Structure formats: structure tokens, C-alpha cells
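As a plain string of letters, each chain reads:
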Amino acid sequence: RVVDLSALVMKEDAAVWVVDVHVTCLNHGGNLEDASMLAVLSALVDTKLPAVEMKENDVMAEVEGDSVPLVIQSFPISHTFALFDFGDVPVKVLVDPTDEEEKHCHSIV
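Everything quoted here is computed from the prediction, not taken from an experiment.

Another point: the state of the cysteines. Under the criterion given, the structure shown has zero disulfides. The structure places no disulfide on Cys25, whose sulfur is separated from the nearest cysteine sulfur, that of Cys105, by 18 Å. Classification of Cys25 by relative accessible area gives partly exposed; the value is 39%.

Counted under the stated rule, the structure contains one aromatic pair. Each ring, one from Phe84 and one from Phe86, has its centre 6.3 Å from the other, and the planes form 10°; the classification is stacked.

This part covers the pattern of salt bridges. Per the counting criterion, the structure on display carries one salt bridge. For Asp99, the salt bridge goes to Lys103, with nearest N and O atoms at 3.9 Å. Note that Asp99 and Lys103 are positioned in helix H2 (residues 99-104) at a spacing of four residues, about one turn of the helix. Judged by relative accessible area, which is 24%, Asp99 ranks as partly exposed. Look at Lys103 and you get exposed, because its relative accessible area is 56%.

Moving on to the sheet that holds strand E7 (residues 81-84). The strands that make up a sheet are held in pairs by hydrogen bonds between backbone atoms, and each pair lies either parallel or antiparallel. Strand order in this open sheet of three strands is E8-E7-E9, and the pairing throughout is antiparallel. Of all strands in the sheet, those with a lone pairing partner are strand E8 (92-95) and strand E9 (107-108), marking the two edges. One ladder, built from two bridges, connects E7 with E9; its direction is antiparallel. By the bridge assignment, Leu83 is partnered in E9 with Ser107.

The next subject is helix H1 (residues 32-46). Here H1 is 15 residues long and its end C-alpha atoms lie 21 Å apart, about the 21 Å a rise of 1.5 Å per residue gives. Regarding H1, the residues found buried are Asp34, Ser36, Val40, Leu41 and Leu44. Seen from one end, H1 has its buried residues packed into an arc of 165°, which puts them on one side.

Taken together, the side chains of Phe81, Val91, Val93, Val95 and Val109 define a hydrophobic patch exposed on the protein surface, amounting to about 430 Å² of accessible area. Inspection of the secondary structure assignment puts Phe81 in strand E7. Judged by relative accessible area, which is 32%, Phe81 ranks as partly exposed.

Criteria and thresholds
Residues numbered from 1 in each chain as written. Predicted model: local features only at pLDDT ≥ 70, side-chain atom pairs only at ≥ 80, totals over all residues. Heavy atoms only, no water. Disulfide = S-S within 2.5 Å. Buried < 20%, exposed > 50% of the residue type's maximum accessible area, 1.4 Å probe, protein only. Phe/Tyr/Trp six-rings, centres within 6.5 Å; stacked < 30°, edge-to-face > 60°. Salt bridge = Lys/Arg side-chain N within 4 Å of Asp/Glu carboxyl O. Helix = DSSP H or I, 4+ residues; strand = E, 2+ residues; numbered from the N terminus. Pairing = 2+ DSSP bridges. Expected span 1.5 Å × (residues − 1). Arc of directions from axis to C-beta. Patch = residues over 30% accessible without salt bridge, like charges linked within 9 Å, V, L, I, M, F, W, Y side chains within 5 Å. Areas by Shrake-Rupley, 256 points an atom, 1.4 Å probe, with all protein chains shown as cover.

Written out as C-alpha cells, the structure is:
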């Protein structure tokens, strides 16, 4: 897991933070998954949760104080490899293919 889920708990069995990430692609020149993964990880590293306390009846209230950075446990790096099979020649591997290269390759890993 990338995010420490226990760090999202405000009060055991009562309240937790929910983190949603939405990615919008404005332009695709190839290798969209790797670029999206890097953008999401960068956003999570920069995320800060407001300082809060739980009042009576499990009501949450924001309090004065420093916000708390989201706890990141790992930082996975995504890599895309395009495989080109020319028959009699050994399979060629290309790292970080463009959109055009992805169209012409045998498979993508």
C-alpha cells in the first residue's frame, strides 16, 4: 500500500478521512499509465490533512494548528515496455514508448 491507512483514522470505529484521486488527461503522447501514476503519487505526497478533533457525539471540528502530511509508505514507480517481434530477429524491447510506437509494437508490458 502506498498510503498508511491507519493514518486516515480520526476516531476508531467512528470517523476516517477518505482520499479520492481523479486523473484527467488533456493530451496523450504515449505511456499514459506511467505519467498518470507519477501525477497521482506526486499529489499524494503533497497532500496535507487539516488538524481536527472529535467533539461530543462524534462531531468533527477543525482546530488551530498545523496540518498533517499524508503518510506515504512506499513510492512505486511504473515503467512501460513495448515488445517488438520481427520474426527471425530476437524480440526488441523499448522502454517508455510513444503513442506511435505503442501502435506498432507486438505487445506492451
